[in-house]
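Inside the fold
Here is how the chains run, residue by residue.
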Amino acid sequence: MTATLRPQNSPLTASGWYSLDPIWRGDEDIVKQGLPHQQLSPPWQMLVLGDGSPTRHLQLLTGEKTEVDVIDMSLVGTDDDGAPMQVQVISEPRLRRQVWLRTASGQRLAYAASWWDANHVDEYLQNRSLPIWESLTRLHTELYRDVQGIYYGHSPDLEKAFQEKGPFWGRHYLFWHNRKPLTLIYEVFSPYLSKYLGPMGN
């Protein structure tokens, strides 16, 4: 459970995970009402602000199976780990998981960090190499994706990892199951997706 996996070309930051340095951020109210289209185009809003599965959306956009490269599984215990404040609703001790979401042909499309109750993570991620959505679908787990915040910001590390210039759009959300928070997820999307979604905004 405490094994840490790191690709040679993507050293983890001092905080242990890749967070954006925001130029702009929006809270839950902004998520609900949406953004002006000149700030973020409608197709991008459907991806970033929507409550559907990004894994599924990426697969539909690219026409390729979305695969996962697990780069980190670390026990963080009672530490808040620099995560969004909603991490406090995830039971301790906590486990942090980090992945790249990519096409089967190797194009990185998104980054995700997630925090789980370490005592129960194996119930939901029985095969840790699968996308979370696929793992939970196989278990027929009913979920509610509750988007809590969005970000537009920089990350030199993600520029290198995506091989794309920032700034980037990201978000964080809670997965709820049986009216209880299951995991907190922080995602950042690669501008490469403009190939399918068009420009982010004007």
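Residues numbered from 1 in each chain as written. Predicted model: local features only at pLDDT ≥ 70, side-chain atom pairs only at ≥ 80, totals over all residues. Heavy atoms only, no water.

Per an unreviewed UniProt entry, the recorded name for the protein is DUF98 domain-containing protein, and the organism is Aphanothece hegewaldii CCALA 016.

Looking at unusual backbone geometry
Formally: Starting at the N terminus, helices and strands are each numbered in turn, a helix being any DSSP run of H or I of at least four residues and a strand any DSSP run of E of at least two. Working definition: with a 1.4 Å probe on protein chains only, accessible area under 20% of the residue-type maximum means buried, over 50% means exposed, and in between means partly exposed.
The step from Glu92 to Pro93 runs through a cis peptide bond, and the omega angle for that step is -5 degrees. Relative to the elements of secondary structure, Pro93 occurs in the loop between β2 (66-77) and β3 (94-103). Of note, the bond from Gly166 into Pro167 is cis; its omega dihedral lies within 30 degrees of zero at 0 degrees. Here the phi dihedral of Asp81 falls at roughly 65 degrees; this positive angle occurs in a residue that is not glycine. Turning to its location among the elements, Asp81 is positioned in the loop between β2 and β3. Judged by its relative accessible area of 10%, Asp81 is buried.

Digging into helix α3 (residues 54-62)
Note the following rule: The directions considered for the arc run from the helix axis to the C-beta atoms. Pairing of N or O atoms within 3.5 Å defines a polar contact, subject to two protein rules: one partner must be a possible hydrogen donor and the other a possible acceptor, and residues neighboring in sequence count only if both atoms are side-chain atoms.
For α3, every residue scored as buried is listed here: Pro54, Thr55, Leu58 and Thr62. The arc that holds every buried residue of α3, seen down its axis, measures 105 degrees, which confines them to one face. One side-chain oxygen at the N-terminal end of α3 lies 3.3 Å from the backbone nitrogen of Thr55; it belongs to Ser53. Positive phi appears at Gly63, one or two residues downstream of α3, with a value of about 75 degrees.

Considerations on the side chain of Ser190
In plain terms, the rule: Contact between two residues is taken to exist if any of their heavy atoms lie within 4.5 Å; hydrogens are not considered.
Here Ser190 is to be found in the loop between β7 (180-189) and α7 (194-197). Among all residues touching Ser190, those that are not within four sequence positions of it are Trp44, Arg108, Leu109, Ala110, Phe162 and Glu164.

Points about the pairing of β7
Put simply, the rule reads: Two strands form a pair only when DSSP identifies at least two bridges running between them.
Buried residues dominate β7, accounting for eight of its ten residues. Bridge count between strand β4 (residues 108-117) and β7: seven bridges; the pairing is antiparallel. Bridging from a neighbouring strand, Ala110 pairs with Phe189 of β7. Examined bridge by bridge, strand β6 (residues 168-177) and β7 share nine bridges and lie antiparallel to one another. Each residue of the ladder has a partner; that of Trp169, found in β7, is Phe189. Counting the residues between successive antiparallel strands, the hairpin from β6 to β7 contains two residues, one of them, Asn178, with a positive phi of roughly 55 degrees.

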